[in-house]
Amino acid sequence: MAMASPRFDYIIVGGGSAGCVVASRLVAEHGARVLLIEAGPRKTSRILAMPAGYMKFLARDTYLTMHEMVPQPQLEGRAPIVPQAKVLGGGSAVNAMVYIRGQAEDYDAWDEALGGGWSYKDLLPHFIRQEGNDHLGKPYHGVSGPLKVSHLGQHSAMSRAFVQALQEKGVPYSSDFNGARQAGVGFMQHTIDWETRRRCSAVDAFLRPVLSEPKLTIVADTVATRIRIENGRATGVEVKGPSGAETFHVDSEVIVAAGTYMTPKLMMLSGIGPADELSQHGIAVHADLPGVGRNLQDHHEVPIVASTKGAFGYFGQDRGFAMIGHGLQYMLFKSGAVTTTGVEACAFIDPDGSARPTLQLYCVPTVYLDRDVPGVEPTHGVTLNPCLLRPKARGSVRLASADPLAAPQVDPQFFGDPEDLRLTVAGLHYARDVLATSPVRGMVDREIFPGPDVMSDEALAAHCRRTVKTNYHPVGTCRMGRETDRDAVVTPDLKVRGIEGLRIVDASIMPTITSGNTNAPVLAIADKAVDIMMGFVGRKDPGQPVSRIRTASHANQV
C-alpha cells in the first residue's frame, strides 16, 4: 500500500529570491511546515560564489533555462535568448549581484493604482530590514540585516574614467543610487559580503539559517506541473521529479514564486488564465483571468563598443596565467580582479533632460556583446550600454501546449513601442558623447561597433533592432490590481483572483517595472508578502523583527 504524501502548511513553488525569503520567515518566525519546490539543482558551483565567477556561466545552461523568444517582427525576425535562473536561490545565485532598488516614483505609481499599501514609504522598511550594508546607514539603509551589500573590491581604470567623464558632462556624482535620489553617476553596490568577498545570495542571506529546521522540506530538480484546485481552492501541487510524479497537499496556502516566465505558465496549466486560450489546449478553466501572461516588461539594452589604447579593463584576464594569478590573489588576500563583477559603474540619466532618469547607462570595461551578434573581435575595449528603465511596450507569455514540460512562448516585444526605440537611439548618441569626453577620450582608440559610419537616427535604429538584448529583468505577467481591474491577476494582498488559498509573490506581480535591477525589489516584495499573509499591522522601527508586530487573531495561525 502506497504511503500518503506528507501535508504542509505552505507549499512554495520556486526556490528563487522570493521563495527563499518567504520560506525562511514562515519557518523561523511562525513555525510553519513549509515545502519549497525548486526546478533546478540545490547547489551551484563554488565559482559562482566569487564576484567574477558568474561570467563563466552567462552562456551556459548549467543553472539557466534558455528561453527563446518568439520571432520579433519589429526586430526583423530576430528571436534572441532570454535566460532564467534554474537553481536554488534563483537569479540571486547566478546574477551580476547589482543592488538597485529603483525610484520612489515607481512604487508611488503602484500605490496610486492599487489604492494604498505599496508606496515607496511602505516598501522602504522592508529594504532596510533585509539589508546589512557595509558602510551606508539610516535613513535609507540597514546595517544588521542578513543580505550583505557592499561596493566591489576593485574598480578598473576605465570605470573610474567613465565616472569622471560623466561629471565632466555635468552629471552629478552619486555615492548612493538607493538614497535620496537615483539620478547621477557612480559605482554600483552589490550583494557581496565585504568581509569574505563572496556572493550573498538569497540562500546565503535567508534560507541557510533554517536549512536544518525539520519543518522545512526542500525538493530540488523537481518541476511543478499543476496546482490542484478543488471547489475553488488550491489544495496541493502536482510535481515531476527524480522519483516520478507526485502530489503534495497543503493545509493553508500555495505560494507561487516561479518567476515571470514560469509563474503564468503554471497558472495556465492549472486552469487559471484566459479561458479561450486554455480551452484551445484542452485545459479545464477554474478562473477566467485574461491578464495571466500579459503585461510582460523587461529592461533591454543596446551596445556602443570602442577599442582602447591600453589595458584599462578586463579583456583576457579570465584566461591563462592572468587567471591563475588573479585566482591566487583572491584566495590569499580576497583582493584583485576576482572581487569585481566587471560591471562596476553606471549613470542614471535622461537624454531629453528630464530630472527623472529614463536610462541606466552601464560601463562595461571590455568588449561585451550578446551571443547572436557577430562580427566584433574581442580586444581591449569598452562597451557602453544604454538600458531603458521603463519601456512602454508590453509583451506576453503563452502556453505552447498543455505539456507541462514544454517551454512557454515568450514574446517580450522589445521596441514594440516607437518611444522605446527613440529613447534608446538618444541613449546611443549620449554614449558616443561620453566616449568623446575626457578622460575617456584619451583612452579610446576608435569606435568599432556599430562604427563611425553609422550616424543617422535611422541607421542607429537599425543597429538597435540587430543587437538589442535583455538585461535579465522580466516582470509583470501576473500583475497586481484592484478588484475592479479585469486584467489584474492578483489583488493588492497578492491573492490570485477567484481562487482561495493561492498567492503569487515574485516579480510577475509588478504592475510596472522598477527603474533598475530587479533583485532587490523582489526580495522586498517577498518580505512584505509575509507581513500581509500573517496579518502584521505595521512596525514602529524597521530594525525590529517583524514577527513581533502582528495581530492577535493571527498569533496561532500556523
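Residues numbered from 1 in each chain as written. Predicted model: local features only at pLDDT ≥ 70, side-chain atom pairs only at ≥ 80, totals over all residues. Heavy atoms only, no water.

What follows deals with unusual backbone geometry. Geometrically, the link from Lys138 to Pro139 is a cis peptide bond, its omega value of 10° lying close to zero. Here Pro139 shows up in the loop between β5 (131-133) and β6 (147-149). Across the junction of Phe449 and Pro450, the peptide omega takes the value 5°, indicating a cis bond. Along the chain, Pro450 falls in the loop between β24 (444-449) and α12 (457-467). Its identity as a non-glycine residue notwithstanding, Asn295 has a phi of 70°, on the positive side. Mapped onto the fold, Asn295 is located in strand β16 (residues 294-296). Here Phe415, not a glycine, exhibits a phi torsion of approximately 60°, which is positive. (Helix = DSSP H or I, 4+ residues; strand = E, 2+ residues; numbered from the N terminus.)

A separate point is the packing of helix α3 (residues 104-114) against helix α4 (residues 120-130). The axes of two packed helices give the description: the angle between them and the distance between them. Across the interface, α3 lies against α4 with an axial gap of 8 Å and an inter-helix angle of 120°. When the axis of α3 is compared with that of α4, the two are oblique. On α4, the residues that touch Ala104, Tyr107, Asp108 and Asp111 of α3 are Tyr120, Asp122, Leu123 and Phe127. Here the residues of the contact of α3 with α4 are counted per class, giving five nonpolar, no polar and three charged. (Axes fitted to C-alpha atoms, helices over the stretch in contact; angles between N-to-C directions. Parallel < 35°, antiparallel > 145°, perpendicular 65-115°, else oblique. Contact = heavy atoms within 4.5 Å. Nonpolar A, V, L, I, M, F, W, Y, C, P; charged D, E, K, R; others polar.)

Below, the discussion takes up the packing of aromatic side chains. Counted by the stated rule, this structure contains seven aromatic pairs. Taken together, Tyr107, Trp110, Trp118, Tyr120 and Phe127 form an aromatic cluster joined through their ring pairs. It is Lys169 that lies over the ring of Tyr430; its NZ or CZ is 4.5 Å from the centre. If you follow Lys528 out to its NZ or CZ, it ends over the ring of Trp118, 5.0 Å from the centre. (Phe/Tyr/Trp six-rings, centres within 6.5 Å; stacked < 30°, edge-to-face > 60°. Lys NZ or Arg CZ within 6 Å of the ring centre and 35° of its normal.)

So, about the UniProt feature "domain: Glucose-methanol-choline oxidoreductase N-terminal" (unreviewed entry) in the chain. The sites that UniProt annotates as "domain: Glucose-methanol-choline oxidoreductase N-terminal" (unreviewed entry) are residues 85-108 and 259-273. End C-alpha atoms of residues 85-108 are separated by 29 Å, and the span's content is 38% helix alongside 4% strand. Along residues 259-273 the backbone is 53% helical and 13% strand, and the end-to-end C-alpha distance reaches 16 Å. (UniProt positions renumbered as here; feature names shortened; annotations may be inferred.)

Time to look at the sheet that holds β16. Strand pairing in a sheet relies on backbone hydrogen bonds, with the paired strands running either antiparallel or parallel. Pairing is antiparallel across the open sheet formed by three strands, whose spatial order is β16-β22-β23. In the strand order of this sheet, the two ends are held by β16 and β23 (409-411), each with one partner. For this sheet, the mean inter-axis angle between neighbouring strands, taken without regard to orientation, is 30°. Bridge count between strand β22 (residues 395-398) and β23: three bridges; the pairing is antiparallel. Residue pairing for β23: Val397 is matched across the bridge by Val410. (Pairing = 2+ DSSP bridges.)

It is worth spelling out helix α9 (residues 320-333) at this point. The end-to-end C-alpha separation of α9 is 20 Å, in line with the 20 Å expected for 14 residues at 1.5 Å each. A positive phi of about 50° marks Lys334, the residue just after α9. (Expected span 1.5 Å × (residues − 1).)

Take the pattern of salt bridges next. Within this structure, the stated rule accounts for 23 salt bridges. Between Arg25 and Asp531 there is a salt bridge, with the nearest N and O atoms lying 3.0 Å from each other. Here Arg25, found in helix α1 (residues 17-30), pairs with Asp531, found in helix α13 (residues 519-534); they are 506 residues apart in sequence, far enough to count as distant. Asp531 shares its class with Arg25; the two are buried. (Salt bridge = Lys/Arg side-chain N within 4 Å of Asp/Glu carboxyl O. Buried < 20%, exposed > 50% of the residue type's maximum accessible area, 1.4 Å probe, protein only.)

Right, let's get into the nonpolar core. Leu26, Leu207, Met267, Ile272 and Leu502 are the most contacted members of the largest nonpolar core, which totals 90 residues. Considering every element that reaches this core, the biggest residue donor is α13, with ten residues. For Leu26, the residues in contact, after removing those within four places along its chain, are Tyr10, Gly31, Ala32, Val34, Ile255, Val530, Met533 and Met534. Counting residues in each nonpolar core, the second largest holds 46 residues, with Leu75, Met158, Phe414 and Val468 among its members. (Core = buried A, V, L, I, M, F, W, Y, C linked by side-chain atoms within 4.5 Å.)

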